[in-house]
Amino acid sequence: MKNFRSLLIFIQLIAVFSSASAFGLRPESEIDGKIKALAPRPAMARVWDEAAYVAINHFSHPVHERITNLIWDCKSEEECNQTAPGKSFAPGAVIAGVRWNDNPPFELTSTSMKECAGRTLWLPNYSNCWLALFKDGEKRARRGETLDLASGTIIMLRSHFGDLQFLHAMAAGQHERAEETQSKILMWAEFTWKVANKEFTQGTLLSEINIPGMTNYFKSTETVQTLFTRGNPTHREDIGILALGALLHTVEDSFSRSHVDRDAENGQDCGPGMSKRPGMIRQFLNYALQDSSAHAVEDEEHAFDLQFATVRPNAVDVGKSLKAYFDRGAAWNEVKPYIECIFAVIDKDKETSAGNFGK
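Residues numbered from 1 in each chain as written. Predicted model: local features only at pLDDT ≥ 70, side-chain atom pairs only at ≥ 80, totals over all residues. Heavy atoms only, no water.

A. Representation of the nonpolar core within the structure. Membership of the largest hydrophobic core comes to 89 residues, with the highest contact counts inside it found for Phe191, Phe218, Phe228 and Leu322. Looking at this core, the element that brings in the most residues is helix α9 (residues 178-196), giving ten residues. Apart from the residues lying within four places of it in its own chain, the contact partners of Phe228 are Trp100, Pro105, Trp188, Phe191, Thr192, Ile239, Leu242, Ala243 and Ala246. (Core = buried A, V, L, I, M, F, W, Y, C linked by side-chain atoms within 4.5 Å. Buried < 20%, exposed > 50% of the residue type's maximum accessible area, 1.4 Å probe, protein only. Helix = DSSP H or I, 4+ residues; strand = E, 2+ residues; numbered from the N terminus. Contact = heavy atoms within 4.5 Å.)

Rendered as structure tokens:
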């Protein structure tokens, strides 16, 4: 019976890791091994975490990490596929940031799952609780429940199924217009960029940042540190580049066909002295309206490889341009026109849909 239950856990985790992430990734960090060894919890919870670790490493495709390694100019297949914690080609902090959008840390202040109460959760730690919450959130979203800040829904569920889907360059509301999604993405870009260039520091309260709309989506009592690195001090001293990674995740997702419907690139520049314009956005898509299996196909490695071979500029090209701005310490006002170009829409009033990935 115990072996059967372990197998069932393993199968469930594989299913989640193959469909939950945008442009698949491996959500693990340097501190995870210490938590697995030290955190007090029942033996069955340890089985869950071991199953999560195996599922992540053998059945998930770290596409986001590979894209980011390419942005950092990896040369060989070996370099580009280095994604293990502490061994990635790109800096560890930027890889942690790229993973954050899919796997943000959160605390359960009250729950019937006693071993997880008062703990900071992120995969692969406390994966039994994480998976139970994920599956419940998916059901709630399918029933049409609103998963937002006002409802008290945890940030992980809001990112995957609720009002924070702009973190993946997707629309939330079923009738959300392109201009609304674009506005939220630009809000997120401004925030992450200002953390990246150290205008905002670890202790900056979100209530103090003066970016319109941010406190509609993130608690005003959060600081930059608690938002990005709750329960995990590994990259706090490099929180700027971690925030850059969280921005790159959104940019990279915007080149996935199941997230955004882009027009063909037309050879124009974004502006004088700026990089080439990527294909303009025809429509931001909506995950709640899509078939999850059809959506997941476009987030797999082969889909990125096809895009990398046939689209210029692609996610890597755009990421390299943003890295160049970051490397020279560009202020938000300098990089803003380029980010607006990345997310330029053809029709601001175009409502979201499932695209070609409907149920």
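B. Seen up close, the environment of Val297. Mapping Val297 onto the fold places it in helix α13 (residues 292-297). By relative accessible area, Val297 is classed as partly exposed at 37%.

C. Broad picture of the packing of helix α15 (residues 315-327) against helix α16 (residues 332-342). Remark: α15 packs on α16, axes separated minimally by 11 Å, with the N-to-C direction vectors making an angle of 170°. Between α15 and α16, the crossing angle belongs to the class labelled roughly antiparallel. When α15 is examined against α16, the residues Val318, Ser321, Leu322 and Tyr325 are found in contact with a partner set consisting of Glu334, Val335, Tyr338, Ile339 and Ile342. Looking at the contact of α15 with α16 residue by residue, the class counts come to seven nonpolar, one polar and one charged. (Axes fitted to C-alpha atoms, helices over the stretch in contact; angles between N-to-C directions. Parallel < 35°, antiparallel > 145°, perpendicular 65-115°, else oblique. Nonpolar A, V, L, I, M, F, W, Y, C, P; charged D, E, K, R; others polar.)

D. Main features of the state of the cysteines. Applying the stated criterion across every chain, the model contains three disulfides. Two residues share a disulfide in this structure: Cys116 and Cys129, whose sulfurs sit 1.8 Å from each other. With the S-S dihedral at roughly 85°, the linkage between Cys116 and Cys129 falls on the right-handed side. With Cys116 in the loop between β1 (106-107) and β2 (120-121) and Cys129 in helix α7 (residues 127-142), this residue pair connects regions lying 13 residues apart in the sequence. (Disulfide = S-S within 2.5 Å.)

E. Looking closely at the pattern of salt bridges. In this structure the tally under the stated criterion is 24 salt bridges. As a salt-bridge pair, Asp305 and Arg66 come within 2.7 Å of each other at their nearest N and O atoms. With Asp305 in helix α14 (residues 301-310) and Arg66 in helix α4 (residues 63-71), the pair connects residues that are 239 residues apart, well separated along the chain. Between Asp349 and Arg177 there is a salt bridge, and its shortest N-O distance comes to 2.7 Å. One end of the pair, Asp349, is in the segment after α16; the other, Arg177, is in the loop between α8 (155-161) and α9, and 172 residues separate them in sequence. Using a relative accessible area of 42% as the deciding quantity, one classes Asp349 as partly exposed. (Salt bridge = Lys/Arg side-chain N within 4 Å of Asp/Glu carboxyl O.)

F. Layout of the confidence of the model for the protein chain. Residues with a pLDDT of 70 or more make up 83% of the protein chain, whose mean pLDDT is 86. Counted against residues more than four places away or in other chains, residues 1-11, with its pLDDT under 50, gives eleven contacts. (pLDDT = per-residue confidence, 0-100.)

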